[in-house]
Amino acid sequence: MAVLICGSLAYDTIMTFEGRFAEQILPEQLHILNVSFLVPSLRRDFGGCAGNIAYALKLLGGEPLPMAALGRDGGDYLERMKSLGISTAHVAQVDDTYTAQAMIMTDRDNNQITAFHPGAMMQAHLNQITAEQGAAVGIVAPDGRDAMLQHAEQFVAAGIPFVFDPGQGLPMFNGEELRHFIELATWVTVNDYEGKMLCARTGWSEADISRKVRGMVVTLGGEGCAVWEGGQQQHVAPVKAKEVVDPTGCGDAWRGALLFGLERDWPLAQCAELGNRLGALKIAQRGPQNYTLDFTPEI
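Residues numbered from 1 in each chain as written. Predicted model: local features only at pLDDT ≥ 70, side-chain atom pairs only at ≥ 80, totals over all residues. Heavy atoms only, no water.

S.K.: Can you help me understand unusual backbone geometry in this one?
M.R.: Note: most residues except glycine have negative phi, and most peptide bonds are trans. Residues other than glycine seldom take positive phi values, yet D265 does so here, at roughly 65 degrees. Mapped onto the elements of the fold, D265 is located in the loop between α8 (250–263) and α9 (268–283). With relative accessibility at 66%, the residue D265 sits in the exposed group. (Helix = DSSP H or I, 4+ residues; strand = E, 2+ residues; numbered from the N terminus. Buried < 20%, exposed > 50% of the residue type's maximum accessible area, 1.4 Å probe, protein only.)

S.K.: I keep staring at the environment of W228 and nothing clicks. Help me out?
M.R.: Looking at the element boundaries, W228 is found in strand β12 (residues 225–229). Using a relative accessible area of 14% as the deciding quantity, one classes W228 as buried. Here the alpha-carbon distance between W228 and L170, two residues 58 residues apart in the chain, equals 20 Å. Every residue in contact with W228, bar those within four places of it in the chain, is listed here: E206, A207, S210, G215, M216, V218, Q233 and L268. (Contact = heavy atoms within 4.5 Å.)

S.K.: Even after reading the chapter, I still don't get helix α3 (residues 75–83), so can you show me in this structure?
M.R.: One full turn of an α-helix is made of 3.6 residues, so residues set three or four places apart face in the same direction. Those residues of α3 that fall on the buried side of the exposure criterion are Y77, L78, R80 and M81. Along the axis of α3, the buried residues cluster in a sector spanning 160 degrees; they form a single face. Those residues of α3 hidden inside the fold are in contact with β2 (10–16), β3 (41–47), α2 (49–60), β4 (63–70) and β5 (91–93). G85, located one to two residues past α3, shows a positive phi value of around 80 degrees. (Arc of directions from axis to C-beta.)

S.K.: Can you walk me through the pattern of salt bridges in this structure?
M.R.: Note that side chains of opposite charge can pair when their charged atoms are close. Counted under the stated rule, the structure contains 10 salt bridges. The partner of E23 in a salt bridge is R20, with the nearest N and O atoms 3.5 Å apart. Under the relative-accessibility criterion, E23 is labelled exposed at 52%. In this structure, R20 engages D109 in a salt bridge whose closest nitrogen and oxygen atoms are separated by 2.8 Å. Remark: D109 occurs in the loop between β6 (100–106) and β7 (112–117) and R20 occurs in the loop between β2 and α1 (21–24); sequence separation between them is 89 residues. (Salt bridge = Lys/Arg side-chain N within 4 Å of Asp/Glu carboxyl O.)

S.K.: So what exactly am I meant to see when it comes to the pairing of strand β11 (residues 215–219) here?
M.R.: Side-chain positions along a regular strand alternate between the two faces of the sheet. For β11, a buried count of five out of five residues is recorded, marking the element as mostly surrounded by other parts of the structure. Here β11 shows a buried face lined by G215, V217 and T219 and a second buried face lined by M216 and V218. Taken together, the four bridges between β11 and β12 define a ladder with antiparallel strand orientation. Bridging from a neighbouring strand, T219 pairs with C225 of β12. Counting the residues between successive antiparallel strands, the hairpin from β11 to β12 contains five residues, one of them, G221, with a positive phi of roughly 60 degrees. (Pairing = 2+ DSSP bridges.)

S.K.: It is not clear to me how the layout of surface pockets should be interpreted in this structure. Could you clarify?
M.R.: Vacant regions in the atomic arrangement are exposed by a probe of water-molecule size rolled over the atoms. Estimates place the volume of the second largest pocket at around 210 Å³. What lines the second largest pocket is a set of 13 residues, among which K242, A280, L281, A284 and D294 lie closest to the centre. (1 Å grid on protein atoms, 1.4 Å probe; cavity = no way out; pocket = protein on both sides within 12 Å on 5 of 7 lines; lining within 4 Å. Points joined across faces, edges and corners; volume = space filled by probe spheres on them.)

S.K.: Sorry if this is basic, but what is going on with the sheet that holds strand β8 (residues 135–140) here?
M.R.: Note: strands within a sheet are paired through backbone hydrogen bonds, in either parallel or antiparallel orientation. The sheet built from nine strands is open, its strands ordered β5-β4-β1-β8-β9-β10-β11-β12-β13 with mixed pairing. This sheet does not close on itself; its edge strands, each paired only once, are β5 and β13 (232–236). Within this sheet the neighbouring strands show an average axis-to-axis angle of 20 degrees, counted without direction. Pairing between strand β1 (residues 2–6) and β8: five bridges, direction parallel. Bridging from a neighbouring strand, A2 pairs with A135 of β8. (Axes fitted to C-alpha atoms, helices over the stretch in contact; angles between N-to-C directions.)

S.K.: Just checking my understanding: could you explain helix α6 (residues 192–202) for this structure?
M.R.: Turning to α6, its buried residues are E194, G195, L198, C199 and T202. Mapping the buried residues of α6 onto a view down its axis gives an arc of 135 degrees, with all of them on the same face. For α6, exposure combined with an orientation more than 90 degrees from the buried face picks out Y193 and A200. Contact partners of the buried residues in α6: α5 (175–184), β10 (187–191), α7 (206–212), β11 and α8. The backbone nitrogen of Y193 lies 3.2 Å from a side-chain oxygen of the residue at the head of α6, namely N191. Looking one or two places after α6, you find G203, whose phi comes out positive at around 80 degrees. (Polar contact = N/O pair within 3.5 Å; in protein donor to acceptor, adjacent residues only side chain to side chain.)

Here it is as structure tokens:
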């Protein structure tokens, strides 16, 4: 069955700084920060959480249904999704604004500085979730604030289990709102930093959160994942990448694999294992939607 992916579609402009940000920023001068970075390489990729997750899920053999909004400049993104066999039935095009844009600069240690213009993403709440869309599972990924709030409620009303994945959108919500998201959700996924922020804002520990949902996964970068179920933690080992080329979209690749497993009713730890494998493939390639499989996902 299909997986409904609520999140952003964006164009990523990715730049590489050959030095280290830490060597250019003086901590004692942060109050008057004024820095410039020479970036010899630049490229433009198709990105956004919904697009990246849909790409990963389709690559694995799943049926993604991205629900998102593009701007007047989004025609080539629509054509790309169609060429990949990804449904655009729930992708709106807003004529009076641009598609969301992410300007991402990466240093030699794979640290990133990102500037993000939301554009059409702020109209994503105009898309509505219904049971008739035929999704077996869904995800609320970073998107417009109103869209995230409304889509979580609509998943519950439609009887569709879903993953709450606030990502970089987490700072938009206060503790009460985040607690409500968790109470609505079936699963929660965050990275280590986001997990600490989520716990601080809600006043709940990872163990507490995991008791309110079927499971919570905290991704730990090169250290793998912490899978929490019923207050108990299980560590899922990382998969070593052939090389570390570009981290952009690595988390979205992981989430695509997670959804592939959840739709098939796999144990949560097994879903996380597949996510680690796909993330290792993605990080060895440039761009969030340029990698291919070198394994059979059902193994």
